[in-house]
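Descriptive analysis of the structure
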Number of protein chains: 4
Amino acid sequence: MPKIGMEPIRRNALIEATIDEIGKAGSLNVTVAQIARRAGMSTALAHHYFGSKDQMFLAAMRHIMTAFGARTRAELAAARGPRERLNAIIAASFDEREFRPEVVSSWLSFYVQAQNNPGARRLLNVYTGRLHSNLVFNLRQLTNIANAHAIANGVAALIDGLYIRQALHNNRMDRFQTMGLVWDYLDLKLGQAGRMMKDPLDPSRLATSP
Amino acid sequence: MPKIGMEPIRRNALIEATIDEIGKAGSLNVTVAQIARRAGMSTALAHHYFGSKDQMFLAAMRHIMTAFGARTRAELAAARGPRERLNAIIAASFDEREFRPEVVSSWLSFYVQAQNNPGARRLLNVYTGRLHSNLVFNLRQLTNIANAHAIANGVAALIDGLYIRQALHNNRMDRFQTMGLVWDYLDLKLGQAGRMMKDPLDPSRLATSP
Amino acid sequence: MPKIGMEPIRRNALIEATIDEIGKAGSLNVTVAQIARRAGMSTALAHHYFGSKDQMFLAAMRHIMTAFGARTRAELAAARGPRERLNAIIAASFDEREFRPEVVSSWLSFYVQAQNNPGARRLLNVYTGRLHSNLVFNLRQLTNIANAHAIANGVAALIDGLYIRQALHNNRMDRFQTMGLVWDYLDLKLGQAGRMMKDPLDPSRLATSP
Amino acid sequence: MPKIGMEPIRRNALIEATIDEIGKAGSLNVTVAQIARRAGMSTALAHHYFGSKDQMFLAAMRHIMTAFGARTRAELAAARGPRERLNAIIAASFDEREFRPEVVSSWLSFYVQAQNNPGARRLLNVYTGRLHSNLVFNLRQLTNIANAHAIANGVAALIDGLYIRQALHNNRMDRFQTMGLVWDYLDLKLGQAGRMMKDPLDPSRLATSP
DNA sequence: AATGAATGAGCCTTCATTCAT
DNA sequence: AATGAATGAAGGCTCATTCAT
């Protein structure tokens, strides 16, 4: 039943299917046939809409990145002050809608692929860059520039590490414990930085932190 | 040039070649032919010595794990006291002989494969378990049991995160900065733990920490 | 030249080609490439339609068995009385459309493969069982049950022996002499059985036997 | 431990191993490595002694044929009169030392291979020819020449059929029932022939027949 | 006499991609 | 818009055979 205006629907179905299949397989070793079947169409149609398997992968990666960006903006909108905004940025990484084994596993696969695939690399760099500048921008208001970069590096590494451990089911922590670990790292680093800046943390903020 | 006693030589050459090729490719998408060629032999011989591609991968993974274990023991032998031993354990992860892009990338690939491959999973669990118990054993002498586990989790996640960033060349830090980041995390957590235990850190020990 | 409804055509072509190639080779040592080439398509398409070489072999065997079953039914439909039906069953085995060197040779290969291949074994057992019960059912009306089974065994062995000799071109007899040999065996056994039962054979029936 | 005069021992071990492996596999799909391993030596040595896999197969086939010829002569030596000699010839085919599943299966494989392999064909023709002339020679003393050939054909087909059924475990009869079936066929054919020659069978002989 | 070492050739199977309809 | 049909290219694995020792 050929219909008009199917393109966005088909493309979306394929992207979801791609993420699901990659997540299930735990690697990019999935066939176009698998993806197309899960999306309820023929491989020929999948190629019609994306041109190649690689493009499908990139679209799926872009989809994940875009969703992450949107979540970050949403979380940030509700946050007040730099410390809350930092927590919001972290929370966006562990949002319950995306911090599911299959999405995380899929994300990890793309992450790894970015080592050698220029397209994937470019997308990943956008994400990495945004995360870093978002963190630094807010950290900058709480500590000096050198510290801000150092802390941002630590936070980013921690997030990646927690992601990979989640993908491997090696993570015995739930979503809140996971986020808490990162927030706690921030608290400590900022506390240290604070002391180094002779600018003790506001106790009231500490009281509300996880 | 048929000689006797070639088996260990060939096996070793294949393992090195496997790690190199996987590292170069950034994934397990390498052919037996590539590996065999780099190791200077035919694919048939590679199969003769390892039986299957999978076994070759597992042997390479085991090789990396074994080397890591040996380094850990060596570092630990020179360490005095729990704090130094913790630093030693961390240092073993970032030893200059192994913390090279290709080895790290290869490690990451195995790490990812462990998601679904039982053999890889088993090997990884041994590594993960050892790292955790090594950390906890020494942390236990500096803080309570709950903290020890929590800190070990954080350290492990941090190491993983730094590894993945190293593999992606996203890590602008050198080996010492990388290690320093983890040591610093330990210092902070133990300092916090110390305060929480009303057991302030010994200033003399702090003086020797990196 | 992609058309729709090709599946039955392709499958049939592959089955015929399989039988031809096996018959020509005299064993199952034929490659998928040979079969596919003879059937006028790529090996990939052959796999697309049958999944594996083994399935192709089984389909070919099933094809031969089915054809034999159909011939048996056709011959039986025209037969009157148990003695004629016995002859009909035997005639079905030596039908000129199938008692050709290549089909016989192919049949023999499957027969032999049934020794260790469960799928082939199952198919063969169906054939063997049907032949035996068909024979016994009609023999039962001419002699006692023990004799019926014994005679059926002899007839079946004789058919198999004549088949193998046909496959090896060791059989200097034509189709009618071959059938005659089995019919003659039946006559003798039933004559003997008749005498043993004090029930001499009806001379009129003998007159119509070949 | 290289020894002199090993050649016949090695060759024999390889021949036995070949028969065993083929019998176990139910086809000629056995590797030189399997055979060599079972014979307790390297594949290189197997090639050294036989030159090629094909030659090993032919040697094994020749071995079976030779053993059969020897048994026939032995059985014949003890037989008195044409009828006993015919029974002796048949008995040689079902000798307990050789009528075992693996030998029979191996025999069948060679039999089948003779379809297209000239060497195997030549060997088989020798066997077939000897059996036929042995049978005809003795039958000739009990019936006319045409009958003699016809009966020899029937007996040979029956033996082949019983062999193949033995190889497939489709034969529910033991060795004596199997032989009895062929002897019985002979009795019937000779009885018929006798009647046709107005030369009734000697009742005393019948009394001793199985 | 004996073997470990080594490989070329080949086979089954998979899969991304294209095309006619 | 959609798909069944079709294939070239490649990859993992096996194996008979050779060779230096």
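The following refers to the structure shown. (Residues numbered from 1 in each chain as written. Chains lettered and ligands numbered in written order. Predicted model: local features only at pLDDT ≥ 70, side-chain atom pairs only at ≥ 80, totals over all residues. Heavy atoms only, no water.)

Some details on the packing of helix α3 (residues 43-50) of chain D against helix α4 (residues 53-77) of chain D
All names here are of chain D. Orientation of α3 relative to α4, taken along the N-to-C sense of each, is 70°, at an axis distance of 9 Å. The orientation of α3 with respect to α4, classified from their angle, is roughly perpendicular. In the packing of α3 onto α4, the handedness of the crossing is left-handed. Residues Ala46, His47 and Phe50 of α3 lie in contact with α4, whose contacting residues are Lys53, Gln55, Met56 and Ala59. Of the residues belonging to the contact of α3 with α4, the class tally is four nonpolar, two polar and one charged. (Axes fitted to C-alpha atoms, helices over the stretch in contact; angles between N-to-C directions. Helix = DSSP H or I, 4+ residues; strand = E, 2+ residues; numbered from the N terminus. Parallel < 35°, antiparallel > 145°, perpendicular 65-115°, else oblique. Left-handed = near helix turned anticlockwise from the far one by under 90°. Contact = heavy atoms within 4.5 Å. Nonpolar A, V, L, I, M, F, W, Y, C, P; charged D, E, K, R; others polar.)

Focus on the interface of chain B and chain A
Taken together, the contact pairs 37 residues of chain B with 37 residues of chain A. Across the chain B/chain A interface, buried area totals approximately 3300 Å², and carbon plus sulfur atoms make up 55% of it. Considering only the side of chain B, the residues that lose the most area to chain A are Gln115, Arg165 and Leu168 of chain B, jointly responsible for 19% of the buried surface there. The interface formed by chain B and chain A holds four salt bridges in total. (Buried area = accessible area lost by both parts, 1.4 Å probe. Salt bridge = Lys/Arg side-chain N within 4 Å of Asp/Glu carboxyl O.)

Here we look at the relation of the copies chain D and chain C
Note on the copies: chain D fits chain C at an RMSD of 0.1 Å, the axial shift is 0.0 Å, and the rotation between them is 179°. Between the two chains, the operation in question is that of a two-fold axis. Closest to the rotation axis within chain D is the C-alpha of Gly161 of chain D, separated from it by 1.8 Å. Looking at the interface residues of chain D, 100% of them are also at the interface in chain C, so both copies use one shared face. (Least-squares fit on C-alpha atoms with pLDDT ≥ 70 in both.)

Some words on the environment of Arg37 of chain C
Residues and elements named next belong to chain C. By the element assignment, Arg37 lies in helix α2 (residues 32-38). Look at Arg37 and you get exposed, because its relative accessible area is 61%. Separated by 154 residues in the primary sequence, Arg37 and Gly191 have C-alpha atoms spaced 53 Å apart. (Buried < 20%, exposed > 50% of the residue type's maximum accessible area, 1.4 Å probe, protein only.)

A word on the interface of chain D and chain C
Taken together, the 37 residues of chain D in the interface contact 37 residues of chain C. Where chain D touches chain C, the interface holds four salt bridges. In this structure, Asp160 of chain D and Arg165 of chain C form a salt bridge, with 2.7 Å as the shortest nitrogen-oxygen distance. Across the contact surface, chain D and chain C share 14 residue pairs in polar contact (both at pLDDT 80 or more). Listing elements by their share of the side of chain D that touches chain C, those giving two or more residues are α1 (7-25), α6 (101-113), α7 (118-139), α8 (145-167) and α9 (175-196) of chain D. Broken down by element, the residue count for the side of chain D that touches chain C peaks at 11 residues, all from α8 of chain D. (Polar contact = N/O pair within 3.5 Å; in protein donor to acceptor, adjacent residues only side chain to side chain.)

Some details on the pattern of salt bridges
Residue and element names in this part refer to chain B. Scanning the entire structure with this criterion turns up 29 salt bridges over all chains. Taking the shortest distance from any N to any O, the salt bridge between Lys24 and Glu21 comes out at 3.8 Å. Here the residue Lys24 and the residue Glu21 both occupy positions in helix α1 (residues 6-25), the gap between them amounting to three residues, near one helical turn.

Here's the deal with the packing of aromatic side chains
Applying the stated criterion to the full structure yields 34 aromatic pairs over all chains. Ring geometry for Phe99 of chain C versus Tyr163 of chain C: centroids 5.3 Å apart, planes at 65°, classification edge-to-face. Highlighted residues: Phe99 of chain C in the loop between α5 (81-93) and α6 (101-113) and Tyr163 of chain C in helix α8 (residues 145-167), separated in sequence by 64 residues. Per residue, the accessibility class of Phe99 of chain C equals that of Tyr163 of chain C, and both read buried. Between Phe57 of chain D and Phe110 of chain D, the aromatic rings sit 6.4 Å apart at their centres with planes inclined by 70°, giving edge-to-face as the arrangement. (Phe/Tyr/Trp six-rings, centres within 6.5 Å; stacked < 30°, edge-to-face > 60°.)

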